[in-house]
Amino acid sequence: MKRDNLFFTFAFQISNTMKAYVFPGQGAQFVGMGKDLYETSEIAKDLFDKANEILGFSITDIMFEGTAEQLKETKVTQPAIFLHSVILSKVLGDDFKPEMVAGHSLGEFSALVANDVLSFEDGLTLVSKRALAMQKACELSKSTMAAVLGLEDAAVEAICEEVGEDVVPANYNCPGQLVISGSVEAIEKACEIAKEKGARRALVLPVSGGFHSPFMAPAGEELAAAIEATTFSTPTCPIYQNVPTTAVTDAEEIKKNLIAQLTAPVKWTQSVQQMLADGATLFTEVGPGKVLQGLIKKINRATEVAGAAI
């Protein structure tokens, strides 16, 4: 048995045709997203209609014809991006053959449905509960996020330590781009220090709260209960989760990492680097926009990236 495991690991690492599929998180949304899928695919139409029933409101109306402000609400944004990504993966049919998957923050839920760990219904229900819990957590205390560009990760980490416990690294997006999260006051102070230390930009983001920080702890408690009550199956291929950054195939470990992710940083740079080390040769982004394709190219310029097409 041990020899079999060693052979599988060795074969996995030396494969030169490894297809990785990646799923975007909050921020990739745009008005009109998914409308083409709805109008051209019966599979997509059925799933979108089912989503409206599960959510209890017509999210398709907001996605297809709403305003940018409506779409920016966390309780709408997260299910909308999830739906676009997951439904696109379903429409791809036999063309969707991932050998490894990863998702940026919210995108982990899309990756898990595409990877047969969660059913469509359970995935959407968890995403909706996550979004509502995060929105409530945002209302409990004033917090925000900021993007720091042009500094080494270690320099930004040092700034967070200098400011204090109210600000932490939140998204390791790519070399030279680290998003921080914390109280409004701490974020403003951290941005000032970052500029003094030579940051190209230190920009407060238009978000409703300090995601991936201790400010999301109340949301974590709610999400943990929902996740523990949901059936998670063994994935069809490894998922590289934001917290450990390494390949995960155990359902119980996947649950723990999803819960931890709310208050822990998204280690996207490290995850992509690990996927490359494990043999990934092509990264295909499944969802709205091209955000992840751009980040992956900044992590490794020689990497081949693409967007999922139907």
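One structure accompanies this document, and this report is about it. (Residues numbered from 1 in each chain as written. Predicted model: local features only at pLDDT ≥ 70, side-chain atom pairs only at ≥ 80, totals over all residues. Heavy atoms only, no water.)

## Topic: the overall build of the protein
When its secondary structure is counted, the protein shows 14 helices and 10 strands. Its C-alpha radius of gyration of 19 Å places the protein within 12% of the 19 Å reference for a compact globule of 310 residues. Its C-alpha atoms put the protein at 50 × 50 × 35 Å along the principal axes. Residue burial in the protein is summarised as follows: out of 310 residues, 53% are buried. The long-range fraction of contacts in the protein, counting pairs at least 24 apart against all pairs at least 6 apart in sequence, stands at 75%. Carbon together with sulfur atoms contributes 51% to the accessible area of the protein, which is approximately 13900 Å² in total. Within the protein, one finds 26 positive and 39 negative side-chain charges whose respective centroids are separated by 4 Å. (Helix = DSSP H or I, 4+ residues; strand = E, 2+ residues; numbered from the N terminus. Rg over C-alpha atoms; globule rule 2.2 N^0.38 Å. Buried < 20%, exposed > 50% of the residue type's maximum accessible area, 1.4 Å probe, protein only. Contact = heavy atoms within 4.5 Å. Areas by Shrake-Rupley, 256 points an atom, 1.4 Å probe, with all protein chains shown as cover. Lys, Arg positive; Asp, Glu negative; His and termini not counted. Charge placed at Lys NZ, Arg CZ, Asp CG, Glu CD.)

## What to know about the packing of aromatic side chains
For the coordinates displayed, the defined rule picks out 5 aromatic pairs. Both rings, one in Y38 and one in F48, keep their centres 6.0 Å apart while their planes meet at 50°; by these two values the pair is tilted. Residue Y38 is located in helix α2 (residues 35-40), and its partner F48 is located in helix α3 (residues 42-55); the two are separated by 10 residues in the primary sequence. You can call F48 buried: its relative accessible area is 0%. An aromatic cluster is defined as three or more aromatic residues linked by ring pairs; in this entry it consists of Y38, F48 and F64. (Phe/Tyr/Trp six-rings, centres within 6.5 Å; stacked < 30°, edge-to-face > 60°.)

## A look at the side chain of S183
Examined against the element boundaries, S183 turns out to sit in strand β5 (residues 177-183). Residue S183 is classed as buried on the basis of its relative accessible area of 8%. Once residues within four sequence positions are removed from consideration, S183 is found in contact with K142, S143, D166 and F215.

## Regarding helix α7 (residues 107-114)
For α7, the tally of buried residues reaches 8 of 8 residues, placing the bulk of the element in the interior. Residue D116 follows α7 closely and has a positive phi angle near 65°.

## Quick word on the packing of helix α11 (residues 217-228) against helix α12 (residues 251-261)
For any two helices packed against each other, one specifies the crossing angle of their axes together with the interaxial distance. Look at α11 against α12: their axes get within 9 Å of each other, and the N-to-C directions meet at 160°. In this view, α11 runs roughly antiparallel relative to α12, as classed from their interaxial angle. Here α11 runs over α12; the crossing is right-handed. Of α12, the residues touching α11 (which contributes G220, L223, A224, I227 and E228) are K255, L258 and I259. Split into classes, the residues belonging to the contact of α11 with α12 amount to 5 nonpolar, 1 polar and 2 charged. (Axes fitted to C-alpha atoms, helices over the stretch in contact; angles between N-to-C directions. Parallel < 35°, antiparallel > 145°, perpendicular 65-115°, else oblique. Left-handed = near helix turned anticlockwise from the far one by under 90°. Nonpolar A, V, L, I, M, F, W, Y, C, P; charged D, E, K, R; others polar.)

## Structural notes on the pattern of salt bridges
Tallied over the entire structure, the rule returns 6 salt bridges. We note a salt bridge from E121 to K50, for which the minimum N-O separation is 3.0 Å. In this pair, E121 sits in helix α8 (residues 120-140) while K50 sits in helix α3, placing the two residues 71 residues apart along the sequence. Ionic pairing is found between K255 and E252, a salt bridge with its closest N-O pair at 3.8 Å. Placement of the pair is K255 and E252 together in helix α12, with a separation of 3 residues, close to one helical turn. (Salt bridge = Lys/Arg side-chain N within 4 Å of Asp/Glu carboxyl O.)

## With respect to the sheet that holds strand β4 (residues 167-174)
With antiparallel pairing, the 4 strands of this open sheet are ordered in space as β4-β5-β3-β6. Every interior strand has two partners, whereas the edge strands, β4 and β6 (201-204), have only one. Strand-to-strand twist across the sheet, computed as the mean angle between neighbouring axes with direction ignored, equals 25°. Bridge count between strand β3 (residues 143-149) and β5: 7 bridges; the pairing is antiparallel. Pairing of S143 across the sheet is with S183, part of β5. Where helix α14 (residues 291-299) meets the sheet, its contacts fall on β4 and β5, and the angle it forms with β4 comes to roughly 85°. (Pairing = 2+ DSSP bridges.)

## A short note on the pairing of strand β2 (residues 100-103)
Consecutive residues of a regular strand have side chains that alternate between opposite faces of the sheet. Of the two faces of β2, the one carrying M100 and A102 and the one carrying V101 and G103 are both buried. Across 4 bridges, the pairing between strand β1 (residues 18-23) and β2 is parallel. Paired with V22 across the strands is A102, a residue of β2.

## So, the nonpolar core
Counting 60 residues, the largest nonpolar core has M63, F82, L83 and F232 as the members making the most contacts within it. Examining the composition of this core, we find that 9 residues originate from one element, helix α6 (residues 74-92), more than from any other. (Core = buried A, V, L, I, M, F, W, Y, C linked by side-chain atoms within 4.5 Å.)

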